[in-house]
Structure formats: C-alpha cells, structure tokens
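Structural features, examined
Each chain, letter by letter, is given below.
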Amino acid sequence: GQNIDQPTEMTATEGAIVQINCTYQTSGFNGLFWYQQHAGEAPTFLSYNVLDGLEEKGRFSSFLSRSKGYSYLLLKELQMKDSASYLCAVRGETGGFKTIFGAGTRLFVKA
Amino acid sequence: DGGITQSPKYLFRKEGQNVTLSCEQNLNHDAMYWYRQDPGQGLRLIYYSQIVNDFQKGDIAEGYSVSREKKESFPLTVTSAQKNPTAFYLCASTMGRGAGEQYFGPGTRLTVT
C-alpha cells in the first residue's frame, strides 16, 4: 500500500528551529513536496526534492533520503505566522503523476 | 493576476440535492485536480484531468462527476450518491500534464444537512 506518515502536532517557540519529519512508502517516486496550509486556506508550495540531499530556501530547508523513504522540513527563526499545517506529499510514477498527501503536521508557535 | 478561483467559498445544501463546485484557472495549466480534505486526514484525490476532454478517477471518485470542456475550467458535481459529502473541497492545477508543484484554489466548504 501507499502511505505517508508525519507527526500530528508539534509545538515550538518563536525564534527557535523545528524539524518536521515525513516517512513514505509509495509504489513509485517522482518527487517529494512540502506545502504550508493555514487553517481554512489553500495549501501553498514550500519546497520540492527529487534527488537526495538538502534544499535550502531562506528560513526553510527540506531534506530527502530516497533509500530511507524519509524527508524533513526544517524551519529556522520561527515566527508566529509559521503556525500552520505542513503537508508532506509524494508524486508517484504511475497514474499520470498523481500526488499522495500526508495528513499534515499542525505546528503551533508560542511566544 | 494569474491564479485559481473557486466559488462559492461556503455552500449549504440539503441531502439528496446535486451541487456543482466551480474551478477556474488562468495560469494556462494543462492538468487540473479535485481534492477533498477532512479533519485529520490528508488531501484525497477525487478526479484529475491532464488535457481537455479527458479525465481520470482518483481514489474516491464514487458519488462525484466532472467535466473538462475548456482548459480553464474543471467543475465538480457532488451527487446525491455521495454518502458523506460535507467536506472542504480544493481544486488545483499544475503546468504540463502533472509535473511541478500544484497551485491550489481557495477551496469551497460544502455542508450538507
């Protein structure tokens, strides 16, 4: 079966660093995405990894290990506005580039 | 401004009625998708379309129907056969036929009583 696992909730302090992990088991792999979703709003794209390693984009970084079926999203210098859900998603090789989404990790940033 | 629009944002219907959710994009994207989001669950794919006049069922297509008569438009009909239609519905699109990140519309929250 196909499955994406990520923690349900995390809490961190403003100014700190937080790492959100994602493990996946899919029938194919053609890239891993991270999206941010504020409550009641649409997801917005954060990062994309298709090769192993770290991709850095400002305060956000994403890491991928294809052999381990593992990714993480690293958020630095946390701000209150980073309180949101973070969705890990994997695009498989079959089915016309269908993307499978995890349930999301709700991040609470406290002062 | 390029983007995806969904209307309405909130929709209320009585059980047994069909309802159509609108999705329009002016990004010139080929692929479009419909997802359903329920509390505590990931986005689940209902239908997707890679080109005009062609679409495929996703993982939870039962009780839903779509059409893709124009590149810009991908309306979703929630029929009375859908057992649990109350949910947050998201439309998305991507460049090419599925490559790249997905751009999402603002969503429609459907409540059926």
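Here the structure is shown first, and the text comes after it.
Basis of the calculations
Residues numbered from 1 in each chain as written. Chains lettered and ligands numbered in written order. Predicted model: local features only at pLDDT ≥ 70, side-chain atom pairs only at ≥ 80, totals over all residues. Heavy atoms only, no water. Pairing = 2+ DSSP bridges. Helix = DSSP H or I, 4+ residues; strand = E, 2+ residues; numbered from the N terminus. Axes fitted to C-alpha atoms, helices over the stretch in contact; angles between N-to-C directions. Contact = heavy atoms within 4.5 Å. Buried area = accessible area lost by both parts, 1.4 Å probe. Salt bridge = Lys/Arg side-chain N within 4 Å of Asp/Glu carboxyl O. Polar contact = N/O pair within 3.5 Å; in protein donor to acceptor, adjacent residues only side chain to side chain. Nonpolar A, V, L, I, M, F, W, Y, C, P; charged D, E, K, R; others polar. Disulfide = S-S within 2.5 Å. Buried < 20%, exposed > 50% of the residue type's maximum accessible area, 1.4 Å probe, protein only.

Quick notes on the sheet that holds strand β7 (residues 64-66) of chain B
Where strands meet in a sheet, backbone hydrogen bonds hold them as pairs that are either parallel or antiparallel. Residue and element names in this part refer to chain B. The strand order across the open sheet built from four strands is β1-β3-β8-β7, with neighbouring strands paired in antiparallel fashion. Every other strand in the sheet has two partners, leaving β1 (4-7) and β7 as the edge strands with one partner each. The sheet shows a mean angle of 20° between the axes of neighbouring strands, direction not considered.

Observations concerning the environment of B:Thr94
Along the polypeptide, B:Thr94 turns up in strand β9 (residues 87-94). When the C-alpha positions of B:Thr94 and B:Asp30 are compared, they lie 6.7 Å apart, and in sequence the two are 64 residues distant.

Section: the interface of chain A and chain B
Between chain A and chain B, the contact holds 18 residues from the first and 24 residues from the second. Between chain A and chain B the total buried area reaches about 1,500 Å² when both faces are included, carbon and sulfur atoms providing 55% of it. Across the contact surface, chain A and chain B share one salt bridge. Residues B:Asp59 and A:Lys98 are paired through a salt bridge, measuring 3.3 Å at the closest nitrogen-oxygen approach. The interface formed by chain A and chain B holds five residue pairs in polar contact (both at pLDDT 80 or more) in total. Among the secondary structure elements, those contributing two or more residues to the side of chain A that touches chain B are β4 (32-37), β9 (84-91) and β10 (99-101) of chain A. With three residues, the single largest contributor to the side of chain A that touches chain B is β4(A). Residue classes in the side of chain A that touches chain B are distributed as nine nonpolar, six polar and three charged.

Regarding the state of the cysteines
All names here are of chain B. In the structure shown here, the tally under the stated rule is two disulfides over all chains. A sulfur-sulfur separation of 1.9 Å characterises the disulfide bridge that pairs Cys 23 with Cys 91. On the sign convention where negative is left-handed, the bridge of Cys 23 and Cys 91, at about -70° about the S-S bond, is left-handed. A residue pair is termed long-range when its members are at least 10 positions apart, and Cys 23 in strand β3 (residues 19-25) and Cys 91 in strand β9 qualify at 68 residues. You'll find Cys 23 and Cys 91 in the same group, each marked buried.

Quick word on the environment of A:Gln19
All names here are of chain A. As for its placement among the helices and strands, Gln 19 is situated in strand β3 (residues 18-25). Residue Gln 19 is classed as partly exposed on the basis of its relative accessible area of 34%. Each C-alpha atom of the pair Gln 19 and Leu 73 lies 5.6 Å from the other, and the pair is 54 residues apart in sequence. When neighbours within four sequence positions are excluded, Gln 19 is seen to be in contact with Met 10, Tyr 70, Tyr 72, Leu 73 and Leu 74. There is a polar contact of 2.9 Å between the side chain of Gln 19 and the side chain of Asn 21. Within the local environment of Gln 19, its side chain forms a polar contact with the side chain of Tyr 70, the two groups lying 3.2 Å apart.

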